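Chain and residue survey
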Amino acid sequence: MEDLTARVRAFAEDRDWQQFHTPKNLAMALAGEVGELLAELQWLTPEQAAAVMDDPERGARIRAEIGDVMIYLTRLADVLGIDLVESAVTKLAEVAIRYPVEQARGSATKR
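Here goes a summary of the coordinates provided. (Residues numbered from 1 in each chain as written. Predicted model: local features only at pLDDT ≥ 70, side-chain atom pairs only at ≥ 80, totals over all residues. Heavy atoms only, no water.)

Side note on the packing of helix H1 (residues 2-14) against helix H4 (residues 56-80)
Contact pair H1 / H4: the axes reach a minimum separation of 9 Å and the direction vectors enclose 85°. Judged by the angle between their axes, H1 and H4 are roughly perpendicular. For the pair H1 and H4, the contacting residues are Leu-4, Thr-5, Val-8, Arg-9 and Ala-12 in the first and Met-70, Ile-71, Thr-74, Arg-75 and Asp-78 in the second. Class assignment for the residues of the contact of H1 with H4 results in five nonpolar, two polar and three charged. (Axes fitted to C-alpha atoms, helices over the stretch in contact; angles between N-to-C directions. Helix = DSSP H or I, 4+ residues; strand = E, 2+ residues; numbered from the N terminus. Parallel < 35°, antiparallel > 145°, perpendicular 65-115°, else oblique. Contact = heavy atoms within 4.5 Å. Nonpolar A, V, L, I, M, F, W, Y, C, P; charged D, E, K, R; others polar.)

Following this line, the structure appears as structure tokens:
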């Protein structure tokens, strides 16, 4: 993760884009990229969506959109000084407490 963060930071610095990479702008760009990912899956049946990577052309588009999402998320976290892995691990631990296996297994009910 550190290597990716450094590469994304260097990419922005080399282009003097730090001035544009405010948290607001990065969050908006991230939302836009998530929208593009959603558009690739829109109108697919659950079965088609599950098999999306079997189609080389569609799979390549999904892979590219996920890459865009990851880049913007990584950049946003870097600008805000958030360790993405630590943040995810902490959140996973919190959710595990809120949704214990014995109560949540097989249920989509939100708590």
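Picking up where we left off.
Section: the packing of aromatic side chains
Across all of its chains, the model carries one aromatic pair by this definition. On the numbers, 5.7 Å between centres and 70° between planes, the contact of Phe-11 with Trp-17 is edge-to-face. In this structure Phe-11 comes out as partly exposed when scored by relative accessible area, which is 43%. Cation over ring: Arg-15 sits above Phe-11, and NZ or CZ is 3.5 Å from the ring centre. (Phe/Tyr/Trp six-rings, centres within 6.5 Å; stacked < 30°, edge-to-face > 60°. Buried < 20%, exposed > 50% of the residue type's maximum accessible area, 1.4 Å probe, protein only. Lys NZ or Arg CZ within 6 Å of the ring centre and 35° of its normal.)

A short note on the environment of Ser-107
In this fold, Ser-107 is placed in the segment after helix H6 (101-104). Classification of Ser-107 by relative accessible area gives partly exposed; the value is 35%. In sequence terms Ser-107 and Ile-62 are 45 residues apart; their C-alpha atoms lie 28 Å from each other.

A short note on H1
Taking 1.5 Å per residue, 13 residues should reach 18 Å; H1 reaches 18 Å between its end C-alpha atoms and fits that length. Burial in H1 covers these residues: Thr-5, Val-8 and Ala-12. Each buried residue of H1 lies within a common arc of 70° when the element is viewed along its axis, so the set occupies one face. Among the exposed residues of H1, those pointing more than 90 degrees away from its buried face are Glu-2, Asp-3, Arg-7 and Asp-14. Among the structural elements, H4 are those in contact with the buried residues of H1. One or two residues past the end of H1 sits Asp-16, with phi positive at roughly 55°. (Expected span 1.5 Å × (residues − 1). Arc of directions from axis to C-beta.)

Side note on a nonpolar patch on the surface
On the surface, Met-1, Met-70, Val-85 and Val-89 cluster together into a nonpolar patch covering about 330 Å² of accessible area. Along the chain, Val-89 turns up in helix H5 (residues 84-98). By relative accessible area, which is 53% here, Val-89 ends up exposed. (Patch = residues over 30% accessible without salt bridge, like charges linked within 9 Å, V, L, I, M, F, W, Y side chains within 5 Å. Areas by Shrake-Rupley, 256 points an atom, 1.4 Å probe, with all protein chains shown as cover. Salt bridge = Lys/Arg side-chain N within 4 Å of Asp/Glu carboxyl O.)

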